[in-house]
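The lines below spell out each chain.
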Amino acid sequence: MLIAECYSFPMSISVRSYAKINIGLRIGPRREDGFHELYTLYQTLALFDVIRVETSRGLGIEIACKDARVPCDETNTCYRMAEKVLRASKIRSKVRINIEKNLPVQGGLGAASSNAVATMLGMERALKKELAPLDRLRLASEVGSDVPLFLIGGTVLGLGRGEQVYPLEDLPNFHCVVATPALGISTPAAFAEWDNTMAASKLTPEQGSARIDSFSHSLFEWLGSKSFSPTGVPRQGWDRAEALLLGLVRTGMENDFESVVFPKYPALREVKRTLEKAGAKFASLSGSGSTVYGLFANRTSAGKASKLLTSQGVRACATVTLQRAEYWKTALSQ
Ligand code: C5P
């Protein structure tokens, strides 16, 4: 194997590592490999961590992060991605990665997954070596199920174990309130809890698959109706974002994790109720939590909801959803 050494001057590249939410998440049967079939809609948000990648002569991968909850060893997703990128690009180099953490850890916003993609993008630029698109996708799915979505950005359909990603036409920009109660929820534990619940309800594999099908119908009904009002007739002055959000509620899209996470952490259900009462057109747990978000048709009501939650001692902020073009325009513009 031909291995090139990085002899160039030290290079430093900063990349924005954006968050995602799940708009609806249906969990299907557990597969033989231990993963679960998923059906979900990912949407990137304007909230981000900053990943700084430095390459220089030498060997070794070093991770630095001021947040003590982030492991700086070889279990870190950035470390795992850096190793894979070096191997795939056949380059020897020292790699230093600094993680400026703004997003919650184990929060359901995909931060660790997004950090891994930002590492890949930063390393490609720092090492001046582009990976083939299919190699990028392969490395991303090896690091984690919800890593590949960050190679697309905007509105993305996620299938398989979540790693099969399809770019969808971007949804309009929504105002979004992201509440992150100080709880770290383990995704494998939430899946295990889901399996227990399913075993107790004695759902057959066929019924499990039928649940996935019904979700896909709801999703496509919603996406297909996006330029119409909830009555099916375009109404003058009816804001497209608002119509789409009301359609989302009408189609009954939900996150299956709520049924196992809310009973264990009732405070999260309360946050969802608060968002709904404060005017969210749609509110949901993101991933397996602990983030609960609300989608709002305007900035004022989102701002008020965020302030209300903060006054109740829940960490919350108002942001917007991020479309694909904006995602790529800003990711590398540090
Ligand atoms: O792929 P990722 O590393 O994010 O997955 C972490 C864990 O979550 C897996 O080891 C598995 O236990 C669980 N998982 C699952 N089904 C999925 C995705 C993740 O059971 N579709």
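Refer to the structure above for everything that follows.
Asks: Help me out: how do you make sense of the packing of helix 1 (residues 77–89) against helix 3 (residues 133–143) in this one?
Replies: The description of two helices packed together rests on the angle between their axes and the distance between the axes. Where helix 1 meets helix 3, the closest approach of the two axes is 10 Å, and the angle between their N-to-C directions is 145°. The element helix 1 and its partner helix 3 pack so that their crossing is right-handed. Facing Thr77, Arg80, Met81, Lys84, Val85 and Ala88 of helix 1, the residues of helix 3 in contact are Leu139, Ala140, Glu142 and Val143. A per-class count over the contact of helix 1 with helix 3 returns six nonpolar, one polar and three charged.

Asks: Would you explain the packing of aromatic side chains in this entry?
Replies: The geometry of an aromatic ring pair is captured by two quantities: the separation of the ring centres and the angle between the planes. Per the counting criterion, the structure on display carries six aromatic pairs. Taking 5.5 Å as the distance between ring centres and 75° as the angle between the ring planes, the aromatic pair formed by Tyr18 and Phe48 counts as edge-to-face. Here Tyr18 is found in strand 2 (residues 11–30), whereas its partner Phe48 is found in strand 3 (residues 36–56), with 30 residues between them in sequence. Classification of Tyr18 by relative accessible area gives buried; the value is 2%. With relative accessibility at 23%, the residue Phe48 sits in the partly exposed group.

Asks: What is the right way to read the sheet that holds strand 11 (residues 292–296) from this model?
Replies: Spatially, four strands are ordered 10-11-9-12 in an open sheet, and the strand pairing comes out antiparallel. Bordering the open sheet on either side are strand 10 (282–285) and strand 12 (316–320), each of which pairs with just one other strand. Averaged over all pairs of adjacent strands, the angle between their axes in this sheet comes to 20°, without regard to strand direction. Of the strands in this sheet, strand 9 (175–179), strand 11 and strand 12 touch helix 9 (residues 299–311), which is tilted by about 10° from strand 9.

What counts and what doesn't
Residues numbered from 1 in each chain as written. Predicted model: local features only at pLDDT ≥ 70, side-chain atom pairs only at ≥ 80, totals over all residues. Heavy atoms only, no water. Axes fitted to C-alpha atoms, helices over the stretch in contact; angles between N-to-C directions. Helix = DSSP H or I, 4+ residues; strand = E, 2+ residues; numbered from the N terminus. Left-handed = near helix turned anticlockwise from the far one by under 90°. Contact = heavy atoms within 4.5 Å. Nonpolar A, V, L, I, M, F, W, Y, C, P; charged D, E, K, R; others polar. Phe/Tyr/Trp six-rings, centres within 6.5 Å; stacked < 30°, edge-to-face > 60°. Buried < 20%, exposed > 50% of the residue type's maximum accessible area, 1.4 Å probe, protein only. Pairing = 2+ DSSP bridges.

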